[in-house]
Protein chains: 2
Amino acid sequence: MSSAATRPDDPDHLWSVDEHLDDILTTVRPLEPIELHLLDALGCVLVDDVTVPVSLPPFDNSSMDGYAVRVADVSGASEEFPAVLEVVGDVAAGAADPVRVGPGQAARIMTGAPLPPGAEAVVPVEWTDGGLGEGPVNGMRARSLAPEGSEGQVRVHRPAEARAHVRAKGGDVKAGDLALEAGTILGPPQIALLAAIGRGTVRVRPRPRVVVLSTGSELVQPGEELAHGQIYDSNSFALTAAARDAGAIAYRVGAVADDADILRSTVEDQLIRADLLVTTGGVSVGAYDVVKEALSYAGDEDEAGGGIDFRKLAMQPGKPQGFGSIGRDHTPLLALPGNPVSSYVSFELFVRPAIRTLMGLTDVHRPRARATLRADKALGSPRGRRQFLRGTYADGEVTPVGGSGSHLIAALAHADALIVLPEDVESAEPGTEVEVVLLG
Amino acid sequence: MSSAATRPDDPDHLWSVDEHLDDILTTVRPLEPIELHLLDALGCVLVDDVTVPVSLPPFDNSSMDGYAVRVADVSGASEEFPAVLEVVGDVAAGAADPVRVGPGQAARIMTGAPLPPGAEAVVPVEWTDGGLGEGPVNGMRARSLAPEGSEGQVRVHRPAEARAHVRAKGGDVKAGDLALEAGTILGPPQIALLAAIGRGTVRVRPRPRVVVLSTGSELVQPGEELAHGQIYDSNSFALTAAARDAGAIAYRVGAVADDADILRSTVEDQLIRADLLVTTGGVSVGAYDVVKEALSYAGDEDEAGGGIDFRKLAMQPGKPQGFGSIGRDHTPLLALPGNPVSSYVSFELFVRPAIRTLMGLTDVHRPRARATLRADKALGSPRGRRQFLRGTYADGEVTPVGGSGSHLIAALAHADALIVLPEDVESAEPGTEVEVVLLG
């Protein structure tokens, strides 16, 4: 593991939150890029600079529905003394062979259609009689209903300067320009630009495939009957949802019983579709903590990057954690504690940044803010542990929701922030300023 | 159409942006709820209040790996004078029949396992010798490696109060409590709570299915060759991406040629999978504006809600717009203008709120902010039109990107905000405050 030098040898060493996070972020590398169709690349990070192959617009074209004219022919035109021009045909958008406009002539032209040879400007249809001989019109009649509109005469009521209502070739971007820089996140407008310059596919870092499995013989699938001593599996649902929310393609394996052999073979089976594995439960000091038991020796000691390291963090909730890599491809695996609040907080602090690092994003963390603590009484925190309490944040103030118990799921479901109490804080008084992680 | 009373009869009436938006939002109704599996409901809006069917935790259980004991048996225990107890067995999480703890006895217990009958408190394993007879330990040995840990004697080094390290039944939520209110948006923590109370499925408003089609005989699929007069179709890609980004399941049909019959039959074919249809192009005053031609009469005049109304908006870009409903189910259809910037701005202002209304969300608009205009010179805006320019926003300041031309896709791809210049503003000086729409 690349951070071996920084990891204390003492197995009872208490890791800080930052040491553990550093270990993860220096180990996890962005996924290899692949070529994806544009719409599959939404939300992904561009790997290469993209240059413009052909200017946009690719040709001079009309910005209005109107008539393509020669400037001299409409000079001094007015409604009282219109310029009367011979209509030589239509230029529709996408027309292959536009007509030529000679002296005394005009071509009826549509928005986006190429400026025909001979024409120097476009007059909007509203500046003409539309060929009807009855004063200014509001628009053209549909070609299919009135084919005669592409011939006859048109009266133009206003003059036009050269290039009026003409979009110049290359006026948006020119061939050879940089369209998008490597590292750009592809949202809808970036997809628009790539399509507009003719790119049907693009090289990006793909969304990581994240396999989520929870462990525990007490876990029952929601919707089924609970026997005494059983609870419903919520972690595999919550973390699969959270992984999707973070940008991953996430697969929920569900609950695996506390049996080291079953767990090991399940993990090995899943490796084929995983860029990252996340487990919950079985990482503490109990006699049935099978994740620890099954995966402690899963690495090949002869190869760098193999094996899962189980450790204690100076953190509440989330003290027991495992991290390492597994299998031939050294697939990273995060083993989170099993209490629902512990696993969710661990996800936000460690797994979400790992997923976003795999995606090639540079901004991998949830935003943080300073907030004034609104509470009836001081919040306690164990000395030497960084505590993450649940709260609701609004307008620069944060209010705790529920207690510190790592089994309090209902409070978690009503929170939108984590209140961070640092290692050296044992008590935070109402009205003091605290750091919050905004869960968004 | 429900807003018929507010719509002026004059076909040349210039609609305000707000009138058009009102018409859309009073016509489009949230989709009928359906029952979805939890993970399919991520991001959806809950339709009913959800109450807790069974208390959480469903039984008193241990919050630590340790030993379940009787308080009197460990009273006054210390490392020097430990309480020596007979270990009567293990209580693992999910164990069906826990042992009974009598006087002088202890059961080895794991986090989450039910407090066995007779026991009153849990002492963490770190407060004991773990049954090894050699002073305090850091944890238990795995059951599979050391089965003798569930019998023999344990030395307890510290006393425990009644209920110490015991999570009480119902300590999180009680049967009958309100778990989540109708209208809640289901994120990962809400999915966690629903799973924890045993809900495998949940009634939500589904993600709307949005069909996007662009029109124009000049449009070529990205990746193919351009002939003279042709451009690449970007709108169908951009708006499909934007619809997904807004929460929809979006289908890209792609470009349809300027032929009213083909367009009409394509739209009719797509109705089967559409909760909302979006078209681009063909809505202006030209002779080949086939969306207008094909859909102006698509409504059944005898039925309320049928037909697409084409109108002019006091807006730049985005003046020509169509809105109405189509087909037997009165599927809403928004016909946007074809210029790429016009169609994207129209999407943000009108289609995104429509999609979010279909989802049952109440917060349907992009956030807005006030910003100081950073620019070299004043921005001009046509009187009587609300202008939306592209800009980049940071720290309370907005800088325009590119010009006002509705064909400038490259500038759009580098913007993250729209600068709003109201109808009565003809010029905005550098340093003045303007409204911005944050594209996020």
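Residues numbered from 1 in each chain as written. Chains lettered and ligands numbered in written order. Predicted model: local features only at pLDDT ≥ 70, side-chain atom pairs only at ≥ 80, totals over all residues. Heavy atoms only, no water.

Note the following rule: UniProt positions are given in the numbering used here, feature names are shortened, and annotations may be inferred rather than shown by experiment.
Looking up chain A in an unreviewed UniProt entry gives the name Molybdopterin molybdenumtransferase, with the organism given as Streptomyces collinus. The Function (unreviewed entry) field of the UniProt record for chain A holds the comment "Catalyzes the insertion of molybdate into adenylated molybdopterin with the concomitant release of AMP."

Observations regarding helix α1 (residues 17-27) of chain A
Quick note on the threshold: Exposed residues in this analysis have more than 50% of their type's maximum accessible area, buried residues have under 20%, and partly exposed residues fall in between, with area computed by a 1.4 Å probe over protein chains only. Put simply, DSSP H or I for four residues or longer makes a helix, DSSP E for two residues or longer makes a strand, and each gets a number counted from the N terminus. The directions considered for the arc are those from the helix axis to the C-beta atoms.
When we look at burial in α1(A), the residues that qualify are A:Val17, A:His20, A:Leu21, A:Asp23 and A:Ile24. Mapping the buried residues of α1(A) onto a view down its axis gives an arc of 155°, with all of them on the same face.

A look at the sheet that holds strand β7 (residues 83-91) of chain A
All names here are of chain A. Condition: Between any two strands, pairing holds if DSSP finds at least two bridges. Interaxial angles span 0 to 180 degrees and are taken between N-to-C directions of axes, which are lines fitted to C-alpha atoms, for helices over the stretch in contact.
In space, the five strands of this open sheet follow the order β9-β6-β8-β7-β10, with mixed pairing throughout. If you trace the sheet from one side to the other, it starts and ends with β9 (121-124) and β10 (153-156), each paired once. Strand-to-strand twist in this sheet, taken as the mean axis angle between neighbours without regard to direction, amounts to 40°. With four bridges joining them, β7 and β10 adopt antiparallel strand pairing.

Things to note about the side chain of A:Asp65
The cut-off we apply is this: When charges are counted, Lys and Arg contribute as positive and Asp and Glu as negative, whereas His and the chain ends are disregarded. Whenever a carboxyl oxygen of Asp or Glu lies within 4 Å of a side-chain nitrogen of Lys or Arg, that contact is scored as a salt bridge. Pairing of N or O atoms within 3.5 Å defines a polar contact, subject to two protein rules: one partner must be a possible hydrogen donor and the other a possible acceptor, and residues neighboring in sequence count only if both atoms are side-chain atoms.
Here A:Asp65 is to be found in the loop between β5 (61-62) and β6 (66-69). One buried charge, A:Asp65, has no salt-bridge partner; the nearest side chain with opposite charge is B:Lys292, at 7.8 Å. A distance of 3.0 Å separates a polar atom in the side chain of A:Asp65 from the backbone nitrogen of A:Thr111.

Focus: the relation of the copies chain B and chain A
Worth spelling out the cut-off: Fitting of the copies onto one another was done by least squares over C-alpha atoms, counting residues only where both copies have pLDDT of at least 70. The contact definition used throughout considers only heavy atoms, calling two residues in contact when any of these lie within 4.5 Å.
The transform that puts chain B on chain A rotates by 180° and translates by 0.0 Å along the axis, for an RMSD of 0.0 Å. Look at the turn and shift together and you get a two-fold axis relating the two. No C-alpha of chain B approaches the rotation axis more nearly than that of B:Asp245, which lies at 6.0 Å. When the interface residues of chain B are mapped onto chain A, 100% of them again lie at the interface, so the same face is used by both copies.

Quick notes on unusual backbone geometry
Backbone torsion omega between A:Leu56 and A:Pro57 reads -15°, so that peptide bond is classified as cis. With respect to the helices and strands, A:Pro57 occurs in the loop between β4 (50-51) and β5. The residue after A:Gln316, namely A:Pro317, is reached through a cis peptide bond having omega -5°. By the secondary structure assignment, A:Pro317 is in the loop between β20 (315-316) and β21 (320-326). The phi dihedral of A:Arg163 is positive, around 70°, even though this residue is not glycine. Within the secondary structure, A:Arg163 is located in the loop between β10 and β11 (166-167). Residue classification places A:Arg163 among the partly exposed residues on the basis of a relative accessible area of 39%. Phi at B:His165 is positive, roughly 55°, even though this residue is not glycine. Examined against the element boundaries, B:His165 turns out to sit in the loop between β10 (153-156) and β11 (166-167).

Overview of the sheet that holds strand β2 (residues 34-37) of chain B
Adjacent strands of a sheet pair through backbone hydrogen bonds, lying either parallel or antiparallel. Pairing is antiparallel across the open sheet formed by three strands, whose spatial order is β2-β13-β3 (chain B). A single partner strand is all that each edge strand has here, and the edge strands are β2 and β3 (45-46) of chain B.

Some details on the interface of chain B and chain A
Here is the rule we go by: For any pair of parts, buried area is found by adding up, for both, the accessible area (1.4 Å probe) each one loses once the two are put together. All amino acids are sorted into three groups, where Ala, Val, Leu, Ile, Met, Phe, Trp, Tyr, Cys and Pro are nonpolar, Asp, Glu, Lys and Arg are charged, and the leftover types, Gly among them, are polar.
Taken together, the contact pairs 83 residues of chain B with 84 residues of chain A. Of the roughly 6,600 Å² buried where chain B meets chain A, counting both sides, 65% is carbon and sulfur surface. For the interface between chain B and chain A, the tally reads zero salt bridges. Counting every contact that joins chain B to chain A gives 26 residue pairs in polar contact (both at pLDDT 80 or more). Going through the elements one at a time, β12 (178-180), α3 (188-196), β16 (231-232), α4 (235-245) and α8 (409-413) of chain B are the ones with two or more residues in the side of chain B that touches chain A. When grouped by side-chain class, the residues that make up the side of chain B that touches chain A number 43 nonpolar, 22 polar and 18 charged.

Describing the packing of helix α3 (residues 188-196) of chain A against α4(B)
To keep things clear, this is the line we draw: For this classification, under 35 degrees means roughly parallel, over 145 means roughly antiparallel, 65 to 115 means roughly perpendicular, and everything else is oblique. Take the far helix as the reference: if the near one is turned anticlockwise from it by less than a right angle, the crossing is left-handed, and if turned clockwise, right-handed.
For the pair α3(A) and α4(B), the least separation of the axes is 8 Å and the interaxial angle reads 160°. The angle between α3(A) and α4(B) places the two elements in the roughly antiparallel class. Here α3(A) runs over α4(B); the crossing is right-handed. On α4(B), the residues touching A:Pro188, A:Ile191, A:Ala192 and A:Ala195 of α3(A) are B:Phe237, B:Ala238, B:Ala241, B:Ala242 and B:Asp245. Across the contact of α3(A) with α4(B), the residue classes break down as eight nonpolar, no polar and one charged.

Concerning the domain arrangement of chain A
The figure often quoted for interface size is the accessible area lost as the parts come together. The condition that has to hold: Delimitation of the domains relies on an automatic or database domain assignment.
Domain boundaries assigned for chain A yield domain 1 (4-31 + 206-358), domain 2 (35-57 + 172-201), domain 3 (61-167) and domain 4 (368-438). The gap between the C-alpha centroids of domain 1 of chain A and domain 3 of chain A is 68 Å.

Observations regarding empty space enclosed by the protein
This is how the line gets drawn: For each structure, a 1 Å grid was placed over the protein atoms alone; sets of points admitting a 1.4 Å probe that cannot get out are labelled cavities, open sets with protein on both sides within 12 Å along at least five of seven lines are labelled pockets, and lining residues have an atom within 4 Å of a point. Grid points are joined across faces, edges and corners, and a volume is the space filled by probe spheres set on the points.
In the structure shown here, the tally under the stated rule is one cavity of 30 Å³ or more. The calculated volume of the largest cavity comes to roughly 40 Å³. In terms of lining residues, the largest cavity is bounded by A:Ala192, B:Ser234, B:Asn235, B:Ala238, B:Leu239, B:Pro340, B:Ser343, B:Tyr344 and B:Leu412. Looking at side-chain class alone, the lining of the largest cavity contains six nonpolar, three polar and no charged residues.

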